[in-house]
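As a plain string of letters, each chain reads:
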Amino acid sequence: SATRNAAAGPRSVPAAGRPSLSAAGKCSPLRGAAGALRIGGAAGARQGRVGSAVGTGLAAALTRLIPSPRRLEEVPLEVLRQRESKWLDMLNNWDKWMAKKHKKIRLRCQKGIPPSLRGRAWQYLSGSKVKLEQNIGKFDELDLLPGEPKWLDVIERDLHRQFPFHEMFVSRGGHGQQDLFRVLKAYTLYRPEEGYCQAQAPIAAVLLMHMPAEQAFWCLVQICEKYLPGYYSEKLEAIQLDGQILFSLLHKVSPVAYKHLSKQKIDPILYMTEWFMCAFSRTLPWSSVLRVWDMFFCEGVKIIFRVGLVLLKHTLGSSDKLKSCQGQYETMERLRALSPKIMQETFLVQEVIELPVTERQIEREHLIQLKKWRETHGELQCKSPPRLHGAKAISEAEPPTRKALEPVPSIIVPAGPAPVPKARKSKEKNREKSLGSPANGPGAEGNGAPGAARELLHPQVSPHHQSKESLCSRESEDTYL
Amino acid sequence: MEAIWLYQFRLIVIGDSTVGKSCLIRRFTEGRFAQISDPTVGVDFFSRLVEIEPGKRIKLQIWDTAGQERFRSITRAYYRNSVGGLLLFDITNRRSFQNVHEWLEETKVHVQPYQIVFVLVGHKCDLDTQRQVTRHEAEKLAAAYGMKYIETSARDAINVEKAFTDLTRDIYELVKRGEISIQEGWEGVKSGFVPNVVHSSEEVVKSDRRCLC
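Residues numbered from 1 in each chain as written. Chains lettered and ligands numbered in written order. Predicted model: local features only at pLDDT ≥ 70, side-chain atom pairs only at ≥ 80, totals over all residues. Heavy atoms only, no water.

### Here we look at the overall build of chain A
Here's step 1: Check the secondary structure of chain A and you find 27 helices and zero strands.
Here's step 2: Looking at chain A as a whole, 62% of its 481 residues qualify as buried.
Here's step 3: Contacts in chain A between residues far apart in sequence, at least 24 positions, make up 79% of those at least 6 positions apart.
Here's step 4: With the model as given, the accessible surface of chain A reaches about 18,700 Å², and the carbon-plus-sulfur share is 57%. (Helix = DSSP H or I, 4+ residues; strand = E, 2+ residues; numbered from the N terminus. Buried < 20%, exposed > 50% of the residue type's maximum accessible area, 1.4 Å probe, protein only. Contact = heavy atoms within 4.5 Å. Areas by Shrake-Rupley, 256 points an atom, 1.4 Å probe, with all protein chains shown as cover.)

Structure, rendered in structure tokens:
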């Protein structure tokens, strides 16, 4: 079992140990305690398991971490500056970019979001920014409530166990842990029927490393309800279904790996539960986690599937690789202690981008597996809202900011110019300006372009198993079916 | 390469969240104690060889499970293929003790027609000053369910070896007596590679090598 620690080295990479960024100051009004520059990172992502650094303190852990080969992968400073200014421009004209240059956004997410703007970008991509604006004061309201004791008890026991070597979470009862508590508790109040699932804590912790508690809360809400609906619900049906979907996709991606896992009777749930439920935050080296999340926020769950498939393919995808793990246990051991080479940022990201697994395929597979599930298990016990595949789908499903400022029309004109009376002067046809509201400013522009028009621009983004309507219809706040 | 082993036993470790399941297993398999360990998400697994008699080694496959109730829909699928189990509670957490009954019921339902040889483990016994469950009541409960009871501490390495090896010996005895047998399609007990070792129940008296740590 010593092999499982082999990957400790590359995991131990400073989070955002890049040179200080002047952009951080001017562009992140939302940025709270979690600054842009963070040395030490989530080195502890898996340190709990590594053990050796335990008790030796943060300083010792850091000295071990800093002289890392990862430095080679760092983006040159000039490039970083350029990216920052490009991202600033995008964020300041977000709706326009989203409507017209979504592919460019996707490309830039694939290249990696500059660390100084990452937290902000995630909020825009996930639609959590819109969500927050629609629910001003909601988080504070939840924050003041005491919460259900049965959840508080479990949450409290987990607080000190999330990224314990990250400077934010290192001290018991410190700011990081307090905020983590607030975010997780607020979620149990926001969705009392869901409560708290232990796999939500690492997700919330990663978010808190990039944004203040209120923003992290809404981002968590988006992940739980739009990106990975049902993952954390009672019964955990959604994750089990995705395990089957993953396995079925593996058949196409790597028949060798598929055959081996079938032969060894290794159920996907054994290796993919933590991968998927924690969005690889406890699996990959830190720099890879961030790159994967950048793409995940933009492109949705497809990225999670692809990462899983790439890892499986490169671990078990050739007879040569299988030589040393012929048994069931050996195979699982191998999957648990993945080779650092295949988790390395540049390699992994490239492989993920190139892997031809589409939303359409995932949705098709979803239907097939759902049917099988019904045959063997009966109806799903937890109804979840439909999965939205990334920023584009969310921005189309989620109403623009102005929704917060006006009543939602009960009838929505399906196509043509947006139904906003004062927007006549707008130059773009499929985009309306917001109602000159106080919320005007970056990102406050309307984004209510009809879905039909968008599908013409991006025909690939609508392969949902539900009807098109659910993509472009307004979300009725609580879309639980 | 793998060392030679006589049998492979699959054990499962269950109990409430934060009673110390992963820490106990890691102490046993890796010989160290992690002050902090991530909450287990889903199922995890470990392995170690145990020598129950000189030259007789048993390979243990130890399955760690998430303690949070929500994960039971996933973890319960792994009860069935286990021959033995450690049911943990935290001696400083009364509720985890009260839930022992529920855990047993839960496994019973999902393990049929097989059965799991359980040992009840009162964990974190180094924290004696914060104790909320007396040894006496734990022993009584264990006896009522026909289990052995042992108190362990992963932090101070108290009885960790003993908890696992005693359970392994008990299962081994049952296997030897034919009360538990290897079955096709069941992973609980598997026969290993045994070159030149004649399996005999008349083997010398059990070694007294119990590690007291």
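Text resumes after the structure shown.
### Some remarks on the interface of chain A and chain B
Here's step 1: On the chain B side, the residues contacting the 45 residues of chain A number 34 residues.
Here's step 2: Across the chain A/chain B interface, buried area totals approximately 3,500 Å², and carbon plus sulfur atoms make up 50% of it.
Here's step 3: Seen at the junction of chain A and chain B, the total is four salt bridges.
Here's step 4: Its salt-bridge partner being arginine 282 of chain A, residue aspartate 38 of chain B comes within 3.7 Å of it at the nearest N-O pair.
Here's step 5: Taken together, the links from chain A to chain B amount to 14 residue pairs in polar contact (both at pLDDT 80 or more).
Here's step 6: Of all elements in the fold, only helix H3 (47-50), helix H11 (149-158), helix H15 (237-253), helix H17 (268-277) and helix H21 (328-336) of chain A reach the threshold of two or more residues within the side of chain A that touches chain B.
Here's step 7: When residues of the side of chain A that touches chain B are assigned to their parent elements, the largest contribution, six residues, is made by H21 of chain A.
Here's step 8: Here the residues of the side of chain A that touches chain B are counted per class, giving 18 nonpolar, eleven polar and 16 charged. (Buried area = accessible area lost by both parts, 1.4 Å probe. Salt bridge = Lys/Arg side-chain N within 4 Å of Asp/Glu carboxyl O. Polar contact = N/O pair within 3.5 Å; in protein donor to acceptor, adjacent residues only side chain to side chain. Nonpolar A, V, L, I, M, F, W, Y, C, P; charged D, E, K, R; others polar.)

### Let's talk about the confidence of the model for chain B
Here's step 1: The pLDDT averaged across chain B works out to 89; a share of 89% of its residues lies at or above 70.
Here's step 2: Of the two predicted TM-score estimates for the complex, the pTM is 0.78 and the ipTM is 0.86. (pLDDT = per-residue confidence, 0-100.)

### Points about the pairing of strand S3 (residues 56-65) of chain B
Residue and element names in this part refer to chain B.
Here's step 1: For S3, the buried fraction is high: nine of the ten residues fall into the buried class.
Here's step 2: Sheet topology places strand S1 (residues 7-15) next to S3; seven bridges connect them, and they run parallel. Bridge assignment links tyrosine 7 to a residue of S3, and that residue is isoleucine 58. (Pairing = 2+ DSSP bridges.)

### Observations regarding helix H12 (residues 175-190) of chain A
Because an α-helix packs 3.6 residues into every turn, residues spaced three or four apart end up facing the same way.
Residues and elements named next belong to chain A.
Here's step 1: In this model H12 runs 22 Å from its N-terminal to its C-terminal C-alpha over 16 residues, within 8% of the 22 Å that 1.5 Å per residue would give.
Here's step 2: The element H12 is extensively covered by neighbouring structure, given that twelve of its 16 residues are classed as buried.
Here's step 3: Looking only at H12, the buried set comprises Gly176, Gln177, Asp179, Leu180, Phe181, Val183, Leu184, Lys185, Ala186, Tyr187, Thr188 and Tyr190.
Here's step 4: Buried residues belonging to H12 abut helix H9 (128-134), helix H10 (138-144), H11, helix H13 (200-208) and helix H14 (213-227). (Expected span 1.5 Å × (residues − 1).)

### Notes on the UniProt feature "domain: Rab-GAP TBC" (unreviewed entry) in chain A
Here's step 1: Mapped onto the present numbering, the UniProt feature "domain: Rab-GAP TBC" (unreviewed entry) falls at residues 112-300 of chain A.
Here's step 2: Here residues 112-300 of chain A is 67% helix and 0% strand, with 15 Å between the C-alpha atoms at its ends. (UniProt positions renumbered as here; feature names shortened; annotations may be inferred.)

### Here we look at the packing of helix H5 (residues 77-92) of chain A against helix H7 (residues 102-111) of chain A
All names here are of chain A.
Here's step 1: Running from N to C, H5 and H7 point in directions that differ by 140 degrees, and their axes come no closer than 12 Å. Judged by the angle between their axes, H5 and H7 are oblique. In the packing of H5 onto H7, the handedness of the crossing is left-handed. In contact with Arg83, Lys86, Trp87 and Met90 of H5, H7 contributes Ile105, Arg108, Cys109 and Lys111. (Axes fitted to C-alpha atoms, helices over the stretch in contact; angles between N-to-C directions. Parallel < 35°, antiparallel > 145°, perpendicular 65-115°, else oblique. Left-handed = near helix turned anticlockwise from the far one by under 90°.)

### Some remarks on the pattern of salt bridges
Here's step 1: Applying the stated criterion across every chain yields a total of 45 salt bridges over all chains.
Here's step 2: The salt bridge involving arginine 161 of chain A is made with aspartate 158 of chain A; its shortest N-O contact spans 2.8 Å. Aspartate 158 of chain A shares its class with arginine 161 of chain A; the two are buried.
Here's step 3: Between glutamate 151 of chain B and arginine 131 of chain B there is a salt bridge, with its nearest N and O atoms 2.7 Å apart.

### Here's the deal with the packing of H17 of chain A against helix H19 (residues 301-316) of chain A
Geometry of a packed helix pair, given as the angle between the helix axes and the separation of the axes.
Residue and element names in this part refer to chain A.
Here's step 1: With their axes 10 Å apart at the nearest point, H17 and H19 run at an angle of 140 degrees to one another. As summarised for this structure, H17 and H19 are arranged oblique, according to the angle between their axes. In this structure, H17 meets H19 at a crossing whose hand is right-handed. Note on element contacts: H19 touches H17 through Ile304, Phe305, Gly308, Leu311 and Leu312, opposite Tyr271, Trp275 and Phe276.
Here's step 2: Among the residues forming the contact of H17 with H19, the class breakdown is seven nonpolar, one polar and no charged.

### As for the packing of aromatic side chains
Here's step 1: Counted under the stated rule, the structure contains 28 aromatic pairs over all chains.
Here's step 2: Taken together, the aromatic side chains of Trp122, Tyr227, Trp293, Phe296 and Phe297 of chain A make up a single cluster linked through ring pairs.
Here's step 3: In this structure, arginine 48 of chain B is placed above the aromatic ring of phenylalanine 28 of chain B, and the distance from its NZ or CZ to the ring centre is 4.1 Å.
Here's step 4: Over the aromatic face of tryptophan 103 of chain B sits the side chain of arginine 72 of chain B, whose NZ or CZ is 3.9 Å from the ring centroid. (Phe/Tyr/Trp six-rings, centres within 6.5 Å; stacked < 30°, edge-to-face > 60°. Lys NZ or Arg CZ within 6 Å of the ring centre and 35° of its normal.)

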